[in-house]
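Here is what each chain is made of, one letter per residue.
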Amino acid sequence: MTVTTTGDLPDEVYDVAIIGAGVVGAAIARELARYRLRIALVEASNDVGNGTSKANTAILHTGFDATPGTLEARLVREGYQRLTAYAAETGIPLEPLGALLVAWDREQLAALPSLAEKAARNGYDETVILDADAVHAREPHLGPGALGALEVPGESIICPWTTTLAYATQAVRAGVDLHLNCPAGAITTGADHHEIATPRGVLRTRHLVNAAGLYSDEINRRLGHEEFTVTPRRGQLIVFDKFARGLVDHILLPVPTALGKGVLVSPTVYGNVMLGPTAEDLDDKTATGSSADGLASLREKGARILPELLEEEVTAVYAGLRAATEHGDYQIHADPGRRYVAVGGIRSTGLTASMAIAAHVAELLGDCGLDPGPEREIEPVRMPTIGEAFPRPYQRADLIAADPAYGTVVCHCERVTRGEIRDALTATVPPGSLDGIRRRTRALAGRCQGFFCGAAVRAQFEAATAAQDRTEARR
Ligand SMILES: Cc1cc2nc3c(=O)[nH]c(=O)nc-3n(C[C@H](O)[C@H](O)[C@H](O)COP(=O)(O)OP(=O)(O)OC[C@H]3O[C@@H](n4cnc5c(N)ncnc54)[C@H](O)[C@@H]3O)c2cc1C
């Protein structure tokens, strides 16, 4: 098992290198790991899932509202099925709450039958049109004035952090080399292999997959392609405290507009309620800050949807950047001559579609001359339980009896134990920062945002990092 964070890259020619360890790149690595190939997953930052994949609305979409006939519609539909099954197998927190697409005026009400028809054209025929009474019966805290809704029972909430981590963990255990702190620079394509310059030396690979998210257009240009330009589309979100959870049972969606899916109110698998996202086209690919205007517009929209939510305390705000392009569909292209596949424009559905995108990319690599050989079984993974709807370690007497570290709570807001933080720090893909611990355990993510537990979590992190440094120095 190989995860590297420093030092020279191995002096070998990989069969496939994947640039970018977001949910898409990690899913591709896992998919290809089912064959006897030498694979490198190369990530610029110090962790997997550290880009757009860490900051989204975490809905597993049925694909009911996709544009029929697009690649995105097909891959979202297929990805939904694949990830639902994979979550059950690996323990990724997932709750099939269902969504209500609420109509607030006559025009939106009139649009519901055509949305139901569109869902059917996308292969999803379980939608139900509800009248105003039925909507309010399902969601008693909904604001006044809802005229009806389209119910989409299959829409689910999922943990985006565990999803990427599960893919990466399974890939690494099956032999994929994960190179972190390894930004891909200039790329030279020869007759037999690509040479990718990185600060850690040259990476050589026969086949190349570009899953660099917001930067996929820039990598694409280095390969001589101009099919798309990424415009970062910011989505700001507000996370409300767990006391708000009783106010809402479904994912409450607006009727979609041309700019996207609009502002929703949704429970999270961690027991909070989120409000967002905004949709703002920017030109800075690093602009993940929140703005007063953005948050004010969310509060205004939220006040109509669920007025009591606005009286609840806010735990956190965050923003993610969608990799929007000038096209209305995913930009997944193969260049067989260069043994190269670009995976760009994975805008607001990439978490859901990730496993289907991976299967599609594996096929395209075949068109690029990759002979994967026979498929093999890879070891299943079981991820730590961080979802609120599932028994957590602090609740399990059997675990605590076997190991008292699971009975020592470090983060009291989220009830995260010393044992869970220790496990994360010694896992196959360990965190590279305190933020990485947060995404693996929920420590620091609660209402105090680390005010009380921050020092203890940091001490555990620094002790583990020092031990790791000593081991590496002895090698
Ligand atoms: C506000 C918001 C809400 C969303 N809601 C949902 C939702 O509810 N459901 C859903 O399915 N999807 C949702 N999405 C979309 C989903 O989050 C994305 O489609 C998905 O995370 C994209 O994953 P990725 O791997 O392509 O990109 P990223 O996660 O950005 O990964 C790309 C990686 O490439 C790395 N990289 C870039 N350049 C280089 C380089 N030169 N060398 C090495 N590494 C490099 C980056 O560091 C990054 O880690 C939402 C997105 C946003 C922003």
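Residues numbered from 1 in each chain as written. Predicted model: local features only at pLDDT ≥ 70, side-chain atom pairs only at ≥ 80, totals over all residues. Heavy atoms only, no water.

The chain goes by NAD(P)/FAD-dependent oxidoreductase in an unreviewed UniProt entry, where it is assigned to Streptomyces rhizosphaericus.

Feature annotation in UniProt places "domain: BFD-like [2Fe-2S]-binding" (unreviewed entry) on residues 409–459, given in this structure's numbering. Annotation note: span residues 409–459, helix share 43%, strand share 10%, distance between end C-alpha atoms 15 Å. (UniProt positions renumbered as here; feature names shortened; annotations may be inferred. Helix = DSSP H or I, 4+ residues; strand = E, 2+ residues; numbered from the N terminus.)

Moving on, we get to the site of the ligand. The immediate surroundings of the ligand are formed by 38 residues, with E43, S53, T57, A184 and T352 found nearest. In this structure, A44 approaches the ligand through a main-chain N or O atom, which is 3.0 Å from a nitrogen atom. In the model, an oxygen atom of the ligand is placed 2.5 Å from a nitrogen or oxygen of the S53 side chain. When contributions to the shell around the ligand are tallied by element, the ones reaching two or more residues are helix 1 (23–32), strand 19 (314–324) and helix 8 (350–367). When its residues are assigned to classes, the shell around the ligand shows 20 nonpolar, 15 polar and 3 charged. (Near = heavy atom within 4 Å. Polar contact = N/O pair within 3.5 Å; in protein donor to acceptor, adjacent residues only side chain to side chain. Nonpolar A, V, L, I, M, F, W, Y, C, P; charged D, E, K, R; others polar.)

Take the packing of aromatic side chains next. Using the criterion set out here, one finds 3 aromatic pairs in the structure. Residues F451 and F452 carry aromatic rings whose centres are separated by 5.1 Å and whose planes lie at 85° to one another, so their mutual orientation is edge-to-face. (Phe/Tyr/Trp six-rings, centres within 6.5 Å; stacked < 30°, edge-to-face > 60°.)

The subject of this paragraph is helix 7 (residues 292–305). Spanning 14 residues, helix 7 covers 20 Å between terminal C-alpha atoms, matching the ideal 20 Å at 1.5 Å per step. For helix 7, the set of buried residues is G294, L298, G302 and I305. The buried side chains of helix 7 occupy one side of the element, clustering within an arc of 65° when seen end-on. Of the exposed residues in helix 7, the ones pointing more than 90 degrees away from its buried face are A292, D293 and E300. Here the buried face of helix 7 lies against strand 14 (231–240), strand 15 (251–254), strand 16 (264–267) and strand 17 (273–276). (Expected span 1.5 Å × (residues − 1). Buried < 20%, exposed > 50% of the residue type's maximum accessible area, 1.4 Å probe, protein only. Arc of directions from axis to C-beta. Contact = heavy atoms within 4.5 Å.)

Attention now moves to the packing of helix 10 (residues 418–425) against helix 11 (residues 434–441). Close contact between helix 10 and helix 11 brings their axes to 10 Å; oriented N to C, the two are set at 115°. In the crossing of helix 10 with helix 11, the sense of the turn from one axis to the other is right-handed. Contact residues: E420, I421, A424 and L425 in helix 10; I437, R440 and T441 in helix 11. Across the contact of helix 10 with helix 11, the residue classes break down as 4 nonpolar, 1 polar and 2 charged. (Axes fitted to C-alpha atoms, helices over the stretch in contact; angles between N-to-C directions. Left-handed = near helix turned anticlockwise from the far one by under 90°.)

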